[in-house]
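Observations on chain architecture
Chain by chain, the residues:
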Amino acid sequence: TGARRSELCRLHERDVNLQDSTVTIHERKRSKSTRTTRVVPLSAKLSGVLLHWLKLKPESEFLFPEVHDCLRDRKEQDQEGVMQPDEASHHLTNVLATSEWEKLRGWHVFRHSFISNCATQGVDQRFIDSWVGHQTDEQRRRYRHLFPDSQKLAIDSVFSS
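Report follows, based on the coordinates. (Residues numbered from 1 in each chain as written. Predicted model: local features only at pLDDT ≥ 70, side-chain atom pairs only at ≥ 80, totals over all residues. Heavy atoms only, no water.)

1. Examining the pairing of strand 2 (residues 22-27)
Condition: Following DSSP output, two strands are said to pair if at least two bridges run between them. The way it works is that DSSP assigns letters per residue, a run of H or I at least four long becomes a helix, a run of E at least two long becomes a strand, and they are numbered from the N terminus.
The pairing of strand 1 (residues 16-17) with strand 2 spans two bridges and is classified as antiparallel. Looking at the pairing, Asn17 lines up with Thr22 of strand 2. If you look at the hairpin formed by strand 1 and strand 2, you'll find four residues sitting between the two strands, and Ser21 has a positive phi there, around 55°. Across six bridges, strand 2 lies against strand 3 (residues 36-41) in antiparallel orientation. Opposite Ile25, over in strand 3, you have Arg38 as the bridge partner.

If you want it as structure tokens, here you go:
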């Protein structure tokens, strides 16, 4: 979805609409004074994974409930019962610890990959902006560097013989 780690942690079960294959993301970055949302389409694969997860997850209003078997210091919580961003990072680190992805540097790399892959596949920038909440060209530029070979292929495809 290109969502930020904190946005994923705040998701409620009701934010996922499997019938329409969408998720409503509750933002905090767009406007500090008011709560805003954006609706992001879900791929068929992610819809299937979420359907499976909803059948297995612990009873909670949150899509990703707090897990109490984490042995580490906990920060003070905004909301009780929701997985906190530091807890999500802890779980990601544990899952990746013995894999080839061990060097992955946090959740934000997924956001970068999502945006870059969408751009590489020719997804309209306006769609990408609405999905990830970008509003300025400065925000867009942060993600353009990830696939430099794509720029070469794009220019070659325009001027191929």
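2. Details of the sheet that holds strand 1
Judged by pairing direction, the sheet is antiparallel, and its three strands sit side by side in the order 1-2-3 without closing on themselves. Here the strands that pair on one side only, and so sit at the sheet edges, are strand 1 and strand 3.

3. Quick look at the side chain of Arg4
Selection rule: Burial classes follow relative accessibility: with a 1.4 Å probe on protein chains only, a residue under 20% of its type's maximum area counts as buried, one over 50% as exposed, and anything between as partly exposed.
For Arg4, the position within the fold is in the segment before helix 1 (5-9). The exposure class assigned to Arg4 is buried, which follows from its relative accessible area of 14%.

4. Details of the pattern of salt bridges
The following threshold applies: Salt bridge, as used here, is a side-chain nitrogen of Lys or Arg placed within 4 Å of a carboxyl oxygen of Asp or Glu.
Per the counting criterion, the structure on display carries five salt bridges. With its nearest N and O atoms 2.8 Å apart, the salt bridge here joins Glu7 to Arg38. With Glu7 in helix 1 and Arg38 in strand 3, this residue pair connects regions lying 31 residues apart in the sequence. For Arg38, a relative accessible area of 4% gives the class buried. Between Arg126 and Asp124 there is a salt bridge, and its shortest N-O distance comes to 2.5 Å. Exposure remark for Arg126: the relative accessible area of 63% places this residue in the exposed category. The class for Asp124 is partly exposed, based on a relative accessible area of 27%. Because the salt bridges share partners, they merge into one network encompassing Arg4, Glu7, Glu27 and Arg38.

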